[in-house]
Each structure stands twice: as C-alpha cells, then as structure tokens.
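Listed here are the chains, written in short residue letters.
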Amino acid sequence: MPVKKLLRDLLVPLSEYATTNRENTLREAVPVLRRLYCQLEEGKCTEAGHRNILVLDDVGHLAGLLNFKCILAALAPEIAGGLTSRLEALEVTIAFAQADADNLDESRAGFRARVIKNAETKVKDVMLKVQSTIDINARVIDALKIMYRDETSVLPVYEGKKLAGVVRESDLFLTVADILME
C-alpha cells in the first residue's frame, strides 16, 4: 500500500531544505548546499544529502532551482560547452591554442582562480526554471509521473499557494522499493 501514500508523508519541509535568495552569489549559495549534502561533523558525505537548492525571491516565493550540474557549469564553464567555450574559459583563443598547446597547461593551473572568480556569479543568472510543482495532497504515483516526464530529481510541493517543501526522487524510490520488502 505505500504507493497510496500522500506526498505529505514524504515531504522534506522547506525549513529543512537548502534555500538561497536569487540575488545571492554562488559563493554564498554553495556552502548552504554543501552543509546539507555532507555530514561535516562526521567528516563524510552521503548519498542521502540534498542535491538542489531552492531559489527564493525577496518575498520567499519560489523563483528557481540550483543543482550540482548548473553550479559546476557556472564555476567551471569549460566542462559545459564545446571547444570554443572551454578555451574561452581558459582565456585562450583558438589561434593561440593552435600556436602553442603548451600554454594550455599554464591556463589550467588557473582553475582555482577561475572558480573563485566565477563564484561571484549571481544565482539568478544560472538558476534553472522550475518545470513543475505538485500539491501536498497528491499521490506518490502522480509525483513519480511528473519527475519521470520532466527528468527532474526534486519536485517543489505546495500547500495551497504556500511552498511547503520538496519531495525528492530518492524518497520516492525508497517508497516504491518498500513494496518489494513487504
């Protein structure tokens, strides 16, 4: 019977989830996610941690999401694009790269400096649009359908017009896996 559970039973409350303001920088947002992803006091990271940050506007309404992929693409753009964008991130032109490939190694040495510089990027400039939301009284199967359709791992949950929290793909997986354990 677990599939008949309501999302209310699986909800990660907003107060326990990583949030940031859209005007914050990645330098401010990333530590929030890291703290909730890793059990720093125990010195380890687990797969149970949050992998997304809910982005809120100035009045607390959901404005977007940040996930590992968009954070890493902003901090290290050379991982996200084609050759030209990777070279531009390394501050190398294509002509320069063709003329002197050894200088690419010197540019790579600046990875730390690039990450630190790119950390000043505003959250609003790299956040993802929220594709879907769901009502707190919806069924688990409804959340699964939306997540599968939208290829997302987190689904914001509303109670009326108020953001109540999120349901995560991992929580839904465990609920479905529990069926096999009965």
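Look a little higher up for the structure.
As a starting point, this report considers the structure included with it. Not measured: the values here are computed from a predicted model. (Residues numbered from 1 in each chain as written. Predicted model: local features only at pLDDT ≥ 70, side-chain atom pairs only at ≥ 80, totals over all residues. Heavy atoms only, no water.)

**With respect to the pairing of strand E6 (residues 62-67)**
Now for step 1: As defined by bridge partners, strand E5 (residues 52-56) adjoins E6 across five bridges and the pair is classed as antiparallel. Following the sheet pairing, Leu56 is matched in E6 by Leu62.
Now for step 2: Connecting the antiparallel pair E5 and E6 is a turn made up of five residues, with Gly60 showing a positive phi of about 85°. (Pairing = 2+ DSSP bridges. Helix = DSSP H or I, 4+ residues; strand = E, 2+ residues; numbered from the N terminus.)

**Side note on the pattern of salt bridges**
Now for step 1: Evaluated as defined, the whole model comprises seven salt bridges.
Now for step 2: Salt-bridge contacts for Arg8 lead to Glu159; the nearest nitrogen and oxygen are separated by 3.6 Å. One end of the pair, Arg8, is in the segment before strand E1 (12-13); the other, Glu159, is in strand E8 (residues 154-159), and 151 residues separate them in sequence.
Now for step 3: What makes Arg8 partly exposed here is its relative accessible area of 38%.
Now for step 4: A salt bridge links Asp150 to Arg149; the shortest N-O distance between them is 2.9 Å.
Now for step 5: Judged by its relative accessible area of 56%, Arg149 is exposed.
Now for step 6: Via salt bridges that share partners, Arg22, Glu23 and Lys124 belong to a single interconnected network. (Salt bridge = Lys/Arg side-chain N within 4 Å of Asp/Glu carboxyl O. Buried < 20%, exposed > 50% of the residue type's maximum accessible area, 1.4 Å probe, protein only.)

**A few points about the sheet that holds strand E2 (residues 19-21)**
Now for step 1: The strand order across the open sheet formed by three strands is E2-E5-E6, and the pairing between neighbours is mixed. The sheet is open, and its two borders are formed by E2 and E6, each paired with just one other strand. The sheet shows a mean angle of 30° between the axes of neighbouring strands, direction not considered.
Now for step 2: Against the sheet, helix H1 (residues 26-37) contacts E2, E5 and E6, and its axis sits at roughly 130° relative to E5.
Now for step 3: Packing of helix H2 (residues 68-75) onto the sheet brings it into contact with E5 and E6, and relative to E6 it is tilted by some 75°. (Axes fitted to C-alpha atoms, helices over the stretch in contact; angles between N-to-C directions. Contact = heavy atoms within 4.5 Å.)

**Considerations on unusual backbone geometry**
Now for step 1: Phi is positive for Glu151, close to 50°, though the residue is something other than glycine.
Now for step 2: You can call Glu151 exposed: its relative accessible area is 75%.

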